[in-house]
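What follows is each chain in one-letter form.
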Amino acid sequence: MADWIVAVVPAAGRGVRMGAGVPKQFLTLGGVPLLVHSLQTFEAAHIISEIILVVPQDDCQYCREDIVPSYGLKKVSQVIAGGPRRQDSVLNGVQAANSATDIVVVHDAVRPFVTLKMITQVVEATRNHGAAIVAMPMRDTVKRVNGEGIIKETLNREELWLAQTPQAFRRDVLLRAHQQGEADGVDATDDAFLVERLGLTVAIVQGSSDNIKVTRPEDLHMGEAILTSKTPETCS
Ligand code: C5P
């Protein structure tokens, strides 16, 4: 039987850095709400069985009754409320997934340029390693700097990668990692960190510099530029 693969899409941030009246995931990019771009890619990915969308409590109804039907997002099986931190929102999503789920793919709703290839490759690497993330090698030289603005160290660029999403995990691994993180009071900015700290392997799949996270107003302008330069992918 084919693996049951669930996408958990955290979209429950408040978007304070964007400075707009609505959370950034609902701002439009190319005339479509930002979160719809990545949801449509997961919808089109044949290996994705189901999508769990995690949004602010106040937006659950809007997403269920407007966004999901308006954009024909048939794989969205649940729209659930997030928590105060991203990691709380992801945990809500993972717990909402059926326990028979084999692999969970976590993807930030504010990364609209995820591709079918990234989804396929990160899932394939997870089948082999138990966990895998999309990331990009560092092009710049990175310095560790102290509180006085003085360089303490230059890091070896060959070993440095910038983590993106999607990040995929065997469901049992991700659940255990989140529960242990909770128990230990850890704040994690991505899910892979919670798995790494259990001493488990997390593989890397090369992402794309287009796979930006829309966090600040200028990112929306960059997003519009990327959108106009994109050619459609074929389904996988
Ligand atoms: O800005 P940040 O890196 O925290 O956001 C990454 C993703 O996590 C966004 O899609 C955002 O909506 C989501 N998030 C969430 N719940 C939170 C905070 C962020 O689902 N409490």
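A quick note: this is a predicted structure, and the numbers were derived from the prediction, not measured.

Membership of the largest hydrophobic core comes to 37 residues, with the highest contact counts inside it found for Leu35, Phe42, Ile48, Ile51, Leu53 and Val105. With six residues, helix α4 (residues 116–129) is the single largest residue contributor to this core. Setting aside chain neighbours within four positions, we find Ile51 in contact with Ala7, Val9, Leu39, Phe42, Glu43, Lys75, Val76, Ser77 and Gln78. Core analysis: the second largest hydrophobic core is formed by 22 residues, Val6, Ala97, Val106 and Leu174 among them.

If you walk across this open sheet you meet the seven strands as β5-β4-β1-β6-β10-β7-β11, and the pairing is mixed. Each having just a single partner strand, β5 (76–81) and β11 (203–206) make up the two edges of the open sheet. Taken over all neighbouring pairs, the strand axes of this sheet differ in orientation by 25° on average, direction set aside. Here strand β1 (residues 5–10) pairs with strand β4 (residues 50–55) via five bridges, running parallel.

Here we come to the packing of aromatic side chains. Across all of its chains, the model carries one aromatic pair by this definition. Between the aromatic rings of Phe26 and Tyr62, the centroid separation amounts to 5.7 Å while the plane-to-plane angle is 65°, which identifies the pairing as edge-to-face. Of the two residues, Phe26 sits in the loop between β1 and β2 (28–29) while Tyr62 sits in helix α2 (residues 60–70), which places them 36 residues apart along the sequence. Classification of Tyr62 as partly exposed rests on a relative accessible area of 36%.

As a further point, take the pairing of β5. Pairing of β4 with β5 involves five bridges; the strand directions are parallel. Residue pairing across strands places Ile52 opposite Gln78, the latter belonging to β5. This β-α-β element, β4 to α2 to β5, shows right-handed connectivity.

Below, the discussion takes up the packing of helix α3 (residues 86–96) against helix α5 (residues 171–183). Between α3 and α5, the shortest axis-to-axis distance is 10 Å and the interhelical angle comes to 140°. Taken together, the axis directions place α3 and α5 in an arrangement best described as oblique. Considering only the axes of α3 and α5, their crossing is left-handed. Contacts from Gln87, Asp88, Val90, Leu91, Val94 and Gln95 of α3 reach α5 at Arg171, Leu174, Leu175, His178, Gln179 and Glu182. In the contact of α3 with α5, the residues fall into five nonpolar, four polar and three charged.

What counts as what
- Residues numbered from 1 in each chain as written.
- Predicted model: local features only at pLDDT ≥ 70, side-chain atom pairs only at ≥ 80, totals over all residues.
- Heavy atoms only, no water.
- Core = buried A, V, L, I, M, F, W, Y, C linked by side-chain atoms within 4.5 Å.
- Buried < 20%, exposed > 50% of the residue type's maximum accessible area, 1.4 Å probe, protein only.
- Helix = DSSP H or I, 4+ residues; strand = E, 2+ residues; numbered from the N terminus.
- Contact = heavy atoms within 4.5 Å.
- Pairing = 2+ DSSP bridges.
- Axes fitted to C-alpha atoms, helices over the stretch in contact; angles between N-to-C directions.
- Phe/Tyr/Trp six-rings, centres within 6.5 Å; stacked < 30°, edge-to-face > 60°.
- Right-handed = clockwise from strand over helix to strand, strands pointing away.
- Parallel < 35°, antiparallel > 145°, perpendicular 65-115°, else oblique.
- Left-handed = near helix turned anticlockwise from the far one by under 90°.
- Nonpolar A, V, L, I, M, F, W, Y, C, P; charged D, E, K, R; others polar.

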